[in-house]
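What follows is each chain in one-letter form.
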Amino acid sequence: MTFVAEPIEVTPEELGRVSYNADGLVPAIVQDASNGEVLMMAWMNAESLERTLATGRTWFWSRSRAELWCKGETSGDRQYVRAAFYDCDGDTLLFVVDQEGDGACHTGERSCFFRAFGRPDLDPTAASAADDA
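Residues numbered from 1 in each chain as written. Predicted model: local features only at pLDDT ≥ 70, side-chain atom pairs only at ≥ 80, totals over all residues. Heavy atoms only, no water.

## Concerning the nonpolar core
If you look at the biggest cluster of nonpolar residues, it comprises 16 residues, and the most contacted ones within it are Met 40, Met 44, Leu 49, Phe 60, Leu 93 and Phe 95. Listing elements by their share of this core, those giving two or more residues are β1 (26-32), β2 (38-44), α2 (46-55) and β6 (93-99). Looking at this core, the element that brings in the most residues is β2, giving four residues. Excluding its chain neighbours within four sequence positions, the residues that come into contact with Met 40 are Ala 28, Ile 29, Val 30, Phe 60, Trp 69, Lys 71, Gln 79, Ala 104, Cys 112 and Phe 113. (Core = buried A, V, L, I, M, F, W, Y, C linked by side-chain atoms within 4.5 Å. Buried < 20%, exposed > 50% of the residue type's maximum accessible area, 1.4 Å probe, protein only. Helix = DSSP H or I, 4+ residues; strand = E, 2+ residues; numbered from the N terminus. Contact = heavy atoms within 4.5 Å.)

## What about a nonpolar patch on the surface?
The grouping of Val 38, Met 41 and Phe 113 at the surface amounts to a nonpolar patch, some 240 Å² of accessible area in total. Mapped onto the fold, Val 38 is located in strand β2. Judged by relative accessible area, Val 38 falls into the partly exposed class, the value being 36%. (Patch = residues over 30% accessible without salt bridge, like charges linked within 9 Å, V, L, I, M, F, W, Y side chains within 5 Å. Areas by Shrake-Rupley, 256 points an atom, 1.4 Å probe, with all protein chains shown as cover. Salt bridge = Lys/Arg side-chain N within 4 Å of Asp/Glu carboxyl O.)

## With respect to unusual backbone geometry
Even without glycine at this site, Ala 66 takes up a positive phi of about 55 degrees. Here Ala 66 is to be found in the loop between β3 (59-62) and β4 (67-70).

## A few points about the sheet that holds β1
Strand order in the open sheet made by the four strands is β2-β1-β6-β5, with mixed pairing throughout. What marks the edges here is a single partner per strand, and that holds for β2 and β5 (79-86). Strand-to-strand, the axes of this sheet are offset by a mean angle of 25 degrees, without reference to chain direction. Relative to β2, β1 is paired through six bridges, and the arrangement is antiparallel. (Pairing = 2+ DSSP bridges. Axes fitted to C-alpha atoms, helices over the stretch in contact; angles between N-to-C directions.)

Here it is as structure tokens:
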């Protein structure tokens with residue numbers, strides 16, 4: 001399937017509602033548009049947020065490399081933003097994306113959240129079914 005990047009228009013007032021931590025970063029959660037699965041969490045600074053919204057592709061700030069990075073430029077596992085949200089306090093972002101390629105995790109897994117405490121066999125997408133057991 002071929003995805004197309006589509007910019008998201010925002011106002012300066014909306015961008016001003018984002019609250020960054022002391023390092024100038026805000027956590028960004030990435031969710032799969034097709035099934036709601038949480039794919040990953042990464043950090044954004046003001047520039048990576050603005051690039052994400054302007055390009056329709058996810059951009060993050062690498063704390064270890066101290067540089068911007070566009071998800072999938074190396075791996076081919078690109079993310080195309082379909083919706084962007086900020087929470088009630090403005091201190092956490094949520095991006096709903098079309099995930100291209102094998103997945104979002106640098107380990108090769110579809111989601112970074114593939115390990116469960118106390119239940120190594122539990123699939124995170126089946127967690128609600130496990131609650132009923």
